[in-house]
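# Residue-level structure breakdown
Now for the letters of each chain:
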Amino acid sequence: MKCYELQGPSGIDGLTLVERPVPVPGAGEVLVRLNAATLNYRDLLIVKGGYGSRQKFPLVPVSDGAGLVEAVGPGVRAFAPGDRVIGSFFEGWLSGEPSEAKMRAALGGAVDGVLAEYRVFPAEALVRTPEHLSDSEAAALPCAGLTAWSAVVKLGGVKPGQTVLTQGTGGVSLFALQFAKMSGARVIATSSSDAKIERLKSLGADLTLNYKLTADWGKKVRELSGRGVDLVVEVGGVGTLNESIRATRIGGTIAFIGVLAGPPPAELRIPLMVMQQQRLQGVTVGSVEDLQAMVDAITVNRMKPVVDRTFSFDQAKEAFSYMASGAHFGKVAIAIG
Ligand SMILES: NC(=O)c1ccc[n+]([C@@H]2O[C@H](COP(=O)([O-])OP(=O)(O)OC[C@H]3O[C@@H](n4cnc5c(N)ncnc54)[C@H](OP(=O)(O)O)[C@@H]3O)[C@@H](O)[C@H]2O)c1
């Protein structure tokens, strides 16, 4: 089979197309013929060496994929050849609270990922693909989709009538917008691009703001929302945290997810966060049980992930470069089959 390998943190040009034998599923395992993968910012970080010396190499990169069951190993009854499936980001976090052991095997990081024609998965780490989704759309769910689901629904507990702030128009943020609307919340969404802001409105954003043109966007969001938002989906990280603290209501939550905005400012507004009794909630994707809950909600609501562009398998490097450019709106997909 063909797959991409990274021999080291050598950047996008280091992605090499190689031949490997098609793996054979053992007891309790399933061989999946992958049809599509989508990229996450983390995949780009890994390719560029952002995970430092902890990263294993050689590595088949990319965590999120969808495809067809090709064969099942002994003892597998839940799946049969021809079933459409998606793989979980963490193979070992099946349900319940996270732990070091459950989070050890993250695809495209500690273990090989999905930028390959075939991959063997433990049967219990697979979820059936919603019928109304293409494989490219389904491949957006394991990391970006589930992270947004955990931030907004599972850990964020967003209720109808509440207000959620999303930052930018990447994969996690657009899913967060969609889940917040699904939960009956009002969404204030930001972007650095006025053209993307028009697309945010068509996705259901109630209020929008250009964070490049409005440096004190947190203050502005607080004014727009009345008393401050109930939940911020913080993909910027410490670089945007000060404005997020300003945007959040007393007693509100900041779901801390990303690192997009770079290093922290000289002084973080932590005392303000304390005085406003805000909650900083770290989010790390989710379990297979959470993935199933999200898939059920997506199926009932016939929700469609936003896939910006799909590249061919041969164009995988172009797909990474496109993501690195920041021009995308939602997910960047790679068709494998
Ligand atoms: N903790 C977890 O489990 C987890 C899981 C998934 C992702 N993440 C993290 O979450 C972040 C988002 O991941 P992703 O895959 O969704 O990224 P992505 O698709 O690459 O998002 C890129 C977009 O984010 C926006 N952005 C960039 N810098 C920004 C800033 N300073 N303020 C506000 N928005 C900014 C831009 O939108 P505009 O062009 O509209 O301005 C940009 O196009 C990353 O840091 C990733 O590492 C964490």
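## Concerning the overall build of the protein
Of the regular secondary structure elements, the protein holds 10 helices and 15 strands. Compactness check: the protein gives a C-alpha radius of gyration of 20 Å against a globular reference of 20 Å for 337 residues, within 12% of the reference. Over its C-alpha atoms, taken along the principal directions, the protein stretches across nearly 60 × 40 × 35 Å. Going through the 337 residues of the protein one by one, you find that 53% of them count as buried. For the protein, the share of sequence-separated contacts (at least 6 apart) that also reach a separation of at least 24 residues comes to 70%. Accessible area of the protein: about 13,600 Å², with a carbon and sulfur share of 53%.

## Section: the site of the ligand
Of all residues adjacent to the ligand, which total 27 residues, the nearest are Thr169, Ser191, Ser192, Tyr211 and Val283. The side chain of serine 192 places a nitrogen or oxygen atom 2.7 Å from an oxygen atom of the ligand. A distance of 2.6 Å separates an oxygen atom of the ligand from a polar side-chain atom of tyrosine 211. The fraction of the free accessible surface of the ligand (930 Å²) that becomes covered by protein chains is 88%.

## Remarks on the sheet that holds strand β11 (residues 229-234)
Paired through their backbone hydrogen bonds, the strands of a sheet run either parallel or antiparallel. Pairing is parallel in the open sheet, where 6 strands are placed in the order β10-β9-β8-β11-β12-β13. Unpaired on one side and paired on the other, β10 (207-210) and β13 (279-282) mark the two borders of the sheet. Within the sheet, the average angular offset between the axes of one strand and its neighbour, ignoring direction, is 20°. Bridge analysis of strand β9 (residues 186-191) against β10 gives 4 bridges, and the strand direction is parallel. Paired with isoleucine 188 across the strands is leucine 207, a residue of β10. Running over the sheet, helix α7 (residues 238-247) touches β8 (163-167), β11, β12 (248-256) and β13 and is turned about 155° from β12.

## Some words on helix α6 (residues 217-225)
Turning to α6, its buried residues number three or more, namely Trp217, Gly218, Val221 and Ser225. For α6, the angular spread of buried residues about the axis comes to 100°, placing them on one side. At its buried positions, α6 is contacted by β8, β9, β10, β11 and α7. Following α6 by one or two positions, glycine 226 adopts a phi angle in the positive range, close to 100°.

## Here we look at the pairing of strand β1 (residues 2-6)
Most of β1 is tucked away: 4 of the 5 residues are buried. Sheet topology places β1 next to strand β2 (residues 15-19); 5 bridges connect them, and they run antiparallel. Counted as the bridge partner of glutamate 5 is threonine 16 from β2.

## Brief notes about the pairing of β11
Most of β11 sits out of view: 6 of its 6 residues are buried. Relative to β11, β8 runs parallel, the two being bridged by 3 bridges. Across the sheet, residue leucine 165 finds its bridge partner in β11, namely valine 232. Taken together, the 5 bridges between β11 and β12 define a ladder with parallel strand orientation. What sits directly across from valine 232, in β12, is isoleucine 254. This β-α-β element, β11 to α7 to β12, shows right-handed connectivity.

What counts and how
- Residues numbered from 1 in each chain as written.
- Predicted model: local features only at pLDDT ≥ 70, side-chain atom pairs only at ≥ 80, totals over all residues.
- Heavy atoms only, no water.
- Helix = DSSP H or I, 4+ residues; strand = E, 2+ residues; numbered from the N terminus.
- Rg over C-alpha atoms; globule rule 2.2 N^0.38 Å.
- Buried < 20%, exposed > 50% of the residue type's maximum accessible area, 1.4 Å probe, protein only.
- Contact = heavy atoms within 4.5 Å.
- Areas by Shrake-Rupley, 256 points an atom, 1.4 Å probe, with all protein chains shown as cover.
- Near = heavy atom within 4 Å.
- Polar contact = N/O pair within 3.5 Å; in protein donor to acceptor, adjacent residues only side chain to side chain.
- Pairing = 2+ DSSP bridges.
- Axes fitted to C-alpha atoms, helices over the stretch in contact; angles between N-to-C directions.
- Arc of directions from axis to C-beta.
- Right-handed = clockwise from strand over helix to strand, strands pointing away.

Everything listed here is a matter of geometry and, on its own, says nothing about what the molecule does.
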